[in-house]
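A closer look at the structure
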Amino acid sequence: MKKYFQNKRNRRGFREFLYILPFLVLVAIFSYYPLYGWVYAFFDYKPPFPLSMDQFAGLKWFKSMVDNPVKLMQILKVLRNTFAMSGLSLLFSWFPMIFAVFLNEIKCVPFKKFVQTVTTLPNFISWVLVYSIAYCLLNSTGVVNSILMSLGIIESPQLFLQSADHVWFKMWVWLTWKNAGWSAIMYIAAITGIDGELTEAARVDGASRMQIIRHITIPSILPTYFVLVMLSLANFLSNGMEQYFVFENAFNKESIQVLDLYVYNLAMGNGGYSLSTAISILKSVVSVLLLCGTNGISKLVRGEGFI
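Calculation rules
- Residues numbered from 1 in each chain as written.
- Predicted model: local features only at pLDDT ≥ 70, side-chain atom pairs only at ≥ 80, totals over all residues.
- Heavy atoms only, no water.
- 1 Å grid on protein atoms, 1.4 Å probe; cavity = no way out; pocket = protein on both sides within 12 Å on 5 of 7 lines; lining within 4 Å.
- Points joined across faces, edges and corners; volume = space filled by probe spheres on them.
- Helix = DSSP H or I, 4+ residues; strand = E, 2+ residues; numbered from the N terminus.
- Nonpolar A, V, L, I, M, F, W, Y, C, P; charged D, E, K, R; others polar.
- Buried < 20%, exposed > 50% of the residue type's maximum accessible area, 1.4 Å probe, protein only.
- Salt bridge = Lys/Arg side-chain N within 4 Å of Asp/Glu carboxyl O.
- Phe/Tyr/Trp six-rings, centres within 6.5 Å; stacked < 30°, edge-to-face > 60°.
- Lys NZ or Arg CZ within 6 Å of the ring centre and 35° of its normal.
- Expected span 1.5 Å × (residues − 1).
- Polar contact = N/O pair within 3.5 Å; in protein donor to acceptor, adjacent residues only side chain to side chain.
- Axes fitted to C-alpha atoms, helices over the stretch in contact; angles between N-to-C directions.
- Parallel < 35°, antiparallel > 145°, perpendicular 65-115°, else oblique.
- Contact = heavy atoms within 4.5 Å.

Turning to the layout of surface pockets, a few remarks are in order. For the largest pocket, the calculated volume is near 870 Å³. If you trace the largest pocket, you find 34 residues lining it, with S89, L175, N179, S183 and S232 closest to the centre. Of all the secondary-structure elements, those providing two or more residues to the lining of the largest pocket are α3 (69-91), α4 (95-104), α8 (167-192), α10 (209-234) and α11 (242-247). Here the lining of the largest pocket takes 10 residues from α8, the largest share from any one element. Of the residues assigned to the lining of the largest pocket, the class counts are 19 nonpolar, 13 polar and two charged.

This is the structure we're talking about:
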């Protein structure tokens, strides 16, 4: 009988493994197989010719990052922008949590669903369409300039998109508008899991809605918040490039170019495939170290890690 149950358990485990096998294959193909491209960082590659040992350069491109003052200054400026963008996102990482808390307090269910739908939909809009919206609103003949000029607040159109002023803040505003509703979904799920007896007991004791939020709701979802913050720390150097690529122009390039966009421009614009690959390798190594570091901090602070 014991052997029968053991065989049954093994068969069930094998079936469950088959369920996730297609996803493991996809991860291997799209996440691990492309790592073969790291070999270009050790060659003096010139497209479209194939790699050969005559082009082997060793650590030449890694050394050039610090040996060449011009490249070093460019990388430092790019890192400044990357740290600023990621730092702003990290500084205001509490915003989706607070938004979810107050959204949960809306008693009118149709209005609540409407607000949640309206704030979640931008997540499914591409950054190209987001820039189109920004252009219609903020270009020299757009809605904002037309209203401000008609009210007499300004005398000539303001170049909001072409200006290099407050670029980091403007990029954070667009990112928050696009992702806040989607990010709040995880907090709403965490709020749904709160034991209803706690809130009922608090109401019986005479607690107001703000007191319930302060002493029950927020402490209950803080573990979710800390996990998401630590994951954001692990991805501190990974801003993505789509947003900054569509908003980049000759006027704001110095302030908007983050690490991912710099790597793309270096490879696609200047043909520096080897150098861009070397920078990507270093970014991946630093990201892994940040992930391990934040996981260690999580174990010290919370008693458990997230990996």
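By the secondary structure assignment, W182 is in helix α8. A residue is classified by how much of its surface remains accessible, and W182, at 40% relative accessible area, is partly exposed. Sequence separation of W182 and V301 is 119 residues, and the distance between their C-alpha atoms is 27 Å.

On to empty space enclosed by the protein, then. Any space left empty among the atoms is revealed by the rolling of a water-sized probe across them. For the structure shown, the criterion picks out one cavity of 30 Å³ or more. M85, L88, S89, W168, M171, W172, L175 and Y244 together form the lining of the largest cavity. If you list the elements that add at least two residues to the lining of the largest cavity, you get α3 and α8. Per element, the largest residue contribution to the lining of the largest cavity is four residues, and it comes from α8. Among the residues forming the lining of the largest cavity, the class breakdown is seven nonpolar, one polar and no charged.

Here the focus is the pattern of salt bridges. Summed over all chains, the structure comprises five salt bridges. With a shortest N-O distance of 3.3 Å, E200 and R203 are connected by a salt bridge. With E200 and R203 both in helix α9 (residues 196-204) and three residues apart, the pair spans about one turn of that helix. With a relative accessible area of 46%, E200 lands in the partly exposed category. When its relative accessible area of 44% is taken as the criterion, R203 is described as partly exposed.

Applying the stated criterion across every chain yields a total of 16 aromatic pairs. A centroid spacing of 4.8 Å and a plane angle of 65 degrees characterise the contact between Y40 and Y45, whose relative ring orientation is edge-to-face. You can call Y45 buried: its relative accessible area is 14%. Ring geometry for F92 versus W94: centroids 6.1 Å apart, planes at 45 degrees, classification tilted. Residue classification places W94 among the partly exposed residues on the basis of a relative accessible area of 36%. The ring of W127 is capped by K178, whose NZ or CZ atom sits 5.2 Å from the centre of that ring.

Quick look at α3 now. End to end, α3 covers 32 Å across 23 residues, agreeing with the expected 33 Å (1.5 Å per residue, within 8%). The backbone nitrogen of V70 lies 3.0 Å from a side-chain oxygen of the residue at the head of α3, namely N68.

Moving on: the packing of helix α5 (residues 109-120) against α8. Running from amino to carboxyl end, α5 crosses α8 at an angle of 130 degrees, the nearest separation of the two axes being 7 Å. Our classification of the angle between α5 and α8 gives oblique. Residues Q116, T119 and T120 of α5 pack against G181, W182, I185 and I188 of α8. Within the contact of α5 with α8, the residues separate by chemical class into three nonpolar, four polar and no charged.

From the geometry alone we can't say anything about function, so treat these as descriptive.
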